[in-house]
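Residues per chain are reported as follows:
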Amino acid sequence: MEDCLAKKMEITVSEAEKRTGRNAVNMQETYTAYLIETRAVESQSEGQCAPVDSLWRRYSEFELLRNYLSATYPHIVVPPLPEKRADFVWHKLSADNMDPDFVERRRIGLENFLLRVASHPVLCQDKIFYSFLTQEGGWKEIVNETGFQLKVITVIVCLMTAVTQKYSNKHLSGCLRFTELKHYSDELQSVISHLLRVRARVADRLYGVYKVHGNYGRVFSEWSAIEKEMGDGLQSAGHHMDVYAASIDDILEEEEHYADQLKEYLFYAEALRAVCRKHELMQYDLEMAAQDLTSKKQQCEELATGTVRTFSLKGMTSKLFGQETPEQREAKIKVLEEQIQEGEEQLKSKNLEGRDFVKSAWADIERFKEQKNHDLKEALISYAVMQISMCKKGIQVWTNAKECFSKM
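Note that the structure is a prediction, hence the values are computed from the model and not measured.

Draft legend 1. Region of the structure containing the sheet that holds strand β1 (residues 9-22). Taken in spatial order, the three strands line up as β1-β2-β3 in an open sheet, and their pairing is antiparallel. For this open sheet the edge positions go to β1 and β3 (53-58), each flanked by a neighbour on one side alone. The sheet shows a mean angle of 25° between the axes of neighbouring strands, taken without regard to direction. In the packing of helix α4 (residues 100-119) onto the sheet, the strands contacted are β1 and β2 (28-40), and the crossing angle to β1 comes to about 135°. Strand contacts of helix α5 (residues 127-134): β1, β2 and β3, with the helix running at about 105° to β3, the strand carrying the most contacts.

Draft legend 2. Inspection of the pattern of salt bridges at higher detail. For the coordinates displayed, the defined rule picks out 25 salt bridges. Ionic pairing is found between Glu-270 and Arg-273, a salt bridge with its closest N-O pair at 2.8 Å. With Glu-270 and Arg-273 both in helix α10 (residues 248-305) and three residues apart, the pair spans about one turn of that helix. Residue class for Arg-273 comes out buried when judged on its relative accessible area of 11%. Between Arg-277 and Glu-270 there is a salt bridge; the shortest N-O distance is 2.7 Å. We classify Arg-277 as partly exposed; its relative accessible area is 29%. One connected set of salt bridges, linked through shared partners, spans Glu-83, Arg-105, Arg-199, Glu-255, Glu-256, Asp-260 and Lys-263.

Draft legend 3. Broad picture of the side chain of Ser-131. Residue placement: Ser-131 occurs in helix α5. For Ser-131, the side chain forms a polar contact with the side chain of Trp-139, separated by 3.3 Å. When near neighbours in sequence (up to four residues on either side) are disregarded, Ser-131 contacts Arg-57 and Trp-139.

Draft legend 4. Molecular detail of the packing of aromatic side chains. Applying the stated criterion across every chain, the model contains 14 aromatic pairs. Pairing Phe-62 with Phe-113 gives two aromatic rings, centres 6.5 Å apart and planes at 65°, and the pair type is edge-to-face. In this pair, Phe-62 is assigned in helix α3 (residues 59-72) and Phe-113 in helix α4, connecting sequence segments 51 residues apart. Looking at Phe-62, the relative accessible area reads 0%, which means it is buried. Grouped by ring-pair contacts, the aromatic residues Phe-62, Phe-113, Phe-132 and Trp-139 constitute a single cluster. Residue placement shows Arg-19 over the ring face of Trp-56; its charged tip is 4.5 Å from the ring centre. Over the ring of Phe-132 we find Arg-57; its NZ or CZ atom is 4.8 Å from the centre of that ring.

What counts as what
Residues numbered from 1 in each chain as written. Predicted model: local features only at pLDDT ≥ 70, side-chain atom pairs only at ≥ 80, totals over all residues. Heavy atoms only, no water. Pairing = 2+ DSSP bridges. Helix = DSSP H or I, 4+ residues; strand = E, 2+ residues; numbered from the N terminus. Axes fitted to C-alpha atoms, helices over the stretch in contact; angles between N-to-C directions. Contact = heavy atoms within 4.5 Å. Salt bridge = Lys/Arg side-chain N within 4 Å of Asp/Glu carboxyl O. Buried < 20%, exposed > 50% of the residue type's maximum accessible area, 1.4 Å probe, protein only. Polar contact = N/O pair within 3.5 Å; in protein donor to acceptor, adjacent residues only side chain to side chain. Phe/Tyr/Trp six-rings, centres within 6.5 Å; stacked < 30°, edge-to-face > 60°. Lys NZ or Arg CZ within 6 Å of the ring centre and 35° of its normal.

This is the structure we're talking about:
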């Protein structure tokens, strides 16, 4: 971790800007651009002020970067991006992706994404990621030249084929662990989704309760106008109620910050499943290679012995039109033997690749688990502290109101 990019470079997404331009089909569109600022840390430690480099990126470019990282490092739980459109929001918040409050929260989320990648022991060393931070012009061309899209398409096609297959699970190691991990990611996503829905409902009700206290303020103020001895006390109590009612906006804005931390792990659940799918793909690929090798060995044996174990069009044709000459059979056996040798080497290579994948993936999953446990524990404690503080403010407001009533 000492060599990670986050230790060598300060990375911030300092501001967001609404822009208008034309898309790929020459239609006008409105989008948000984000200013990424970077500064080298080394020169600062020497007492010098390093210059700040800056460039603008769209959300779609962040998506392109993450897609590249996911395709290039299939064994890594790649950090997720913040949501493109607001979800699990309480009624007062806007779900519009151009809403200033939402854009600000997404700016913070994008900065967190970059810091997550820059702190990762493997991802931080990627040259494409570094050029994303430092090279504005031509970056898309650089990442597209890597051909990562072909890997993505291959994964999709193979997975669509694999869903109809049954695996013996005897070739690739770690199958049970990855199956359990997939179940865990599903359950994690379900739990956090439910938690976010509950929080949104609580926020709605809390907002209503606080705002109703404003009615206390209005009634006490109106009442104070007709009372001589009690007027000052009622007016003061009404003022405390007004302040209390107005404080809910800042409280729920702070609460959204904790909700975004939970949402990050909602999206991390999908990143975990992506690693499981890559493992499933390798499992399928290995199974197909083993089946192909078995088939070729059987063909070779049948040609060598002159017996056919299973029905085939080729065997039926031979019976109808005569057997092949010994020379032809020997030539076919030789080709099959070469293919068998090649298939055995390929199977051995795929087994080694599979073991390396499992080892690397599980090491990164363990790293992720430590990060998750630390982050969620910290977020939940901070959320509880905020709730305690909020309740104390409520008690203080009514304590102040009590004192106002006592002085009447």
